[in-house]
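In case you want the letters, here they are:
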Amino acid sequence: MKQLADIAHALVSPGKGILAADESSPTIEKRFKSIQVPSTEENRLAYRQLLFSAPDLGRHISGVILFDETLRQRASDGMPIAELLLRQGIVPGIKVDSGAKPLAMHAGEKVTEGLDGLRGRLADYAALGAQFSKWRAVISIDRGIPTPFCLEANAHALARFAALSQEAGLVPIVEPEVLMDGGHTIECCEEVTGAALGKVFASLAAHRVHFEGMLLKPNMVVSGNKCEAQASPREVAEVTLRCLKRFVPAAVPGIVFLSGGLSDGDATKNLNAMNQLGGAPWELSFSFGRALQSPALKAWGGEQENGLAMQRALLHRAHCNHQARFGRYRESMETPDATP
Ligand code: 13P
């Protein structure tokens, strides 16, 4: 258990955060489509190898979440991807769920699958070098949903995943994501996020999950993306921290937020505002996918010769979020040459 806590602490060490690069095959295909690049195994490897070999990436990135395919791949010089990350001082992790599927008899709601055979897969992933794991549950807000049953079903699956992960020696990242899609207010997002977290932690406790050896990856509490009144970073920070303090035990070492479709700038500003408020019992960090990768993906455009520009774009976002970890981010840092 001590080892799990050590890994969890390393993942949220001051100033650092996680790069989520665990897009499943359909998701990475969608991302590549936006830059007109076909999603072949070769292109996926080329893109991710460039990301992970950005010079000194380990200065601000503590861990990378990989997809199954990537953990089994080798870089062009033959080095396994997990080894490449370790040499950067980065902890390799793995997404272990198999995606959110429609919840039977519950229109518009989903439950995440992937528990069958999970014990065996976790042992394989640990042997391949993964030290932490991630499972994402998806909660939608709409008329009459989420139902308590949907929250319960997802909390139960998250807790079974977390217990199995700890048994295999992997730190579970528990991700109950309340989607920002919709016209709902920030107050509504707070209520649903609180209800989801309440059920998740009750279920984690019932499954005897060791809170010191896990991380929580929640959504920030924000206004729905179609809501007219958009909350400011300061409001997002206050409401998010109020909600988390009510439902997340202080024994959890860190909160690593997802970006969930926020622009990269907004995700950084919200994280910065939370760290400026202070007074939280956990490290407040990031585990961003899109908010770290979007500018890098555009700069790359599928061309190897854009590799340096792409790595610069990634390092720039990592640097901005590093500053946000201390509440020291300023908009003037958005000029690309502001990266030291
Ligand atoms: P986003 O930051 O793009 O939401 O991705 C984080 C993630 O890992 C979702 O599971």
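Residues numbered from 1 in each chain as written. Predicted model: local features only at pLDDT ≥ 70, side-chain atom pairs only at ≥ 80, totals over all residues. Heavy atoms only, no water.

### Focus: the site of the ligand
Applicable threshold: Near residues are defined by distance, with any heavy atom within 4 Å of the molecule or strand qualifying the residue. Under this definition, polar contacts are N or O atom pairs within 3.5 Å; protein pairs additionally need one hydrogen-donor-capable and one acceptor-capable atom, and for neighbouring residues in sequence, both atoms have to be side-chain atoms. A 1.4 Å probe and the Shrake-Rupley method give the accessible areas. Residues count as covered only by the protein chains that appear here. Helix and strand definitions here come from DSSP, where helices need a minimum of 4 consecutive H or I residues and strands a minimum of 2 consecutive E residues; each element is numbered from the N-terminal end. As a working rule, the residues Ala, Val, Leu, Ile, Met, Phe, Trp, Tyr, Cys and Pro are called nonpolar, Asp, Glu, Lys and Arg charged, and the rest polar, with Gly in that last group.
Neighbouring the ligand are 13 residues, the closest being K134, K217, S259, G260 and R290. At 2.8 Å, a backbone N or O of G289 approaches an oxygen atom of the ligand. If the ligand stood free it would expose 300 Å²; the protein chains cover 91% of that surface. Of all the elements in the fold, those that place two or more residues in the shell around the ligand are β6 (132-139) and β10 (283-288). Classifying every residue of the shell around the ligand by side-chain character gives three nonpolar, four polar and six charged.

### Comments concerning the pattern of salt bridges
Between side chains of opposite charge, a pair can form when the charged atoms approach closely. Rules: By definition, a salt bridge exists where a carboxyl oxygen of Asp or Glu is found within 4 Å of a side-chain nitrogen of Lys or Arg.
Taken as a whole and assessed by the stated rule, the structure comprises 20 salt bridges. One connected set of salt bridges, linked through shared partners, spans D22, K134, R136, E175 and E177.

### Structural notes on the side chain of R317
What counts here: We call two residues in contact when some of their heavy atoms are within 4.5 Å.
Assignment of secondary structure puts R317 in helix α12 (residues 307-325). Of note is the side chain of R317, whose polar atom sits 3.5 Å from the side chain of D264. Filtering out sequence-adjacent residues up to four positions away, R317 remains in contact with D264, G265, T268, A291, L292, P295 and E334.

### Thoughts on the nonpolar core
Selection criterion: Put simply, a nonpolar core is a bunch of buried Ala, Val, Leu, Ile, Met, Phe, Trp, Tyr and Cys residues held in one set by side-chain atoms that sit within 4.5 Å of each other. Note on exposure labels: buried denotes an accessible area under 20% of the residue type's maximum, exposed denotes more than 50%, and partly exposed covers the range between, all computed with a 1.4 Å probe on protein chains only.
Ranked by internal contacts, the top residues of the largest apolar core, which has 89 residues, are F52, F201 and L204. Beyond its immediate sequence surroundings of up to four residues, F52 is in contact with L19, A21, L57, V64, L66, T70, I81, L84, L85 and Q88. In this structure, L11, A20, V91 and I173 belong to the second largest nonpolar core, which totals 14 residues.

### Digging into the packing of aromatic side chains
As a reminder of what qualifies: Centres within 6.5 Å make a pair out of two Phe, Tyr or Trp rings, where for Trp the six-membered ring is used; the pair is then stacked when the planes are under 30 degrees apart, edge-to-face when over 60, and tilted otherwise.
Counting across every chain of the model gives six aromatic pairs. Centroid distance F32 to Y47: 5.5 Å. Interplanar angle 90°. Geometry classified as edge-to-face. Of this pair, F32 sits in helix α2 (residues 25-33) while Y47 sits in helix α3 (residues 41-52), and the two are 15 residues apart along the sequence. For the residue pair F32 and Y47, the accessibility class agrees, reading buried in each case. Considering the side-chain rings of W135 and F161, the 5.6 Å spacing of their centres and the 25° angle between planes classify their relative orientation as stacked. One end of the pair, W135, is in strand β6; the other, F161, is in helix α7 (residues 148-167), and 26 residues separate them in sequence. The class of W135 is buried, set by a relative accessible area of 0%. Look at F161 and you get buried, because its relative accessible area is 0%. In this structure an aromatic cluster arises from ring pairing among F32, Y47 and W300.

### Considerations on the environment of T112
Tracing the backbone shows T112 in strand β5 (residues 110-112). A relative accessible area of 5% places T112 in the buried class. Along the primary structure T112 and W135 are separated by 23 residues, whereas in three dimensions their C-alpha atoms are 8.2 Å apart. Ignoring any residue separated from it by four or fewer positions in sequence, one finds T112 in contact with D97, G99, A100, W135, R136, A137, V138, N154 and A157.

### A word on the pairing of strand β9 (residues 254-257)
Quick note on the threshold: Strands are labelled as partners when DSSP assigns at least two bridges between them. Whether a crossover is right-handed depends on one test, that the path from the first strand over the helix to the second runs clockwise when the strands point away from the viewer.
By the alternation rule, side chains of β9 split into G254 and V256 and I255 and F257, which are all buried. One ladder, built from four bridges, connects β9 with β10; its direction is parallel. Opposite F257, over in β10, you have F286 as the bridge partner. Between β9 and its parallel partner β10, the chain crosses via helix α10 (residues 264-277), and the hand of that crossover is right-handed.

Keep in mind these values describe shape, not function.
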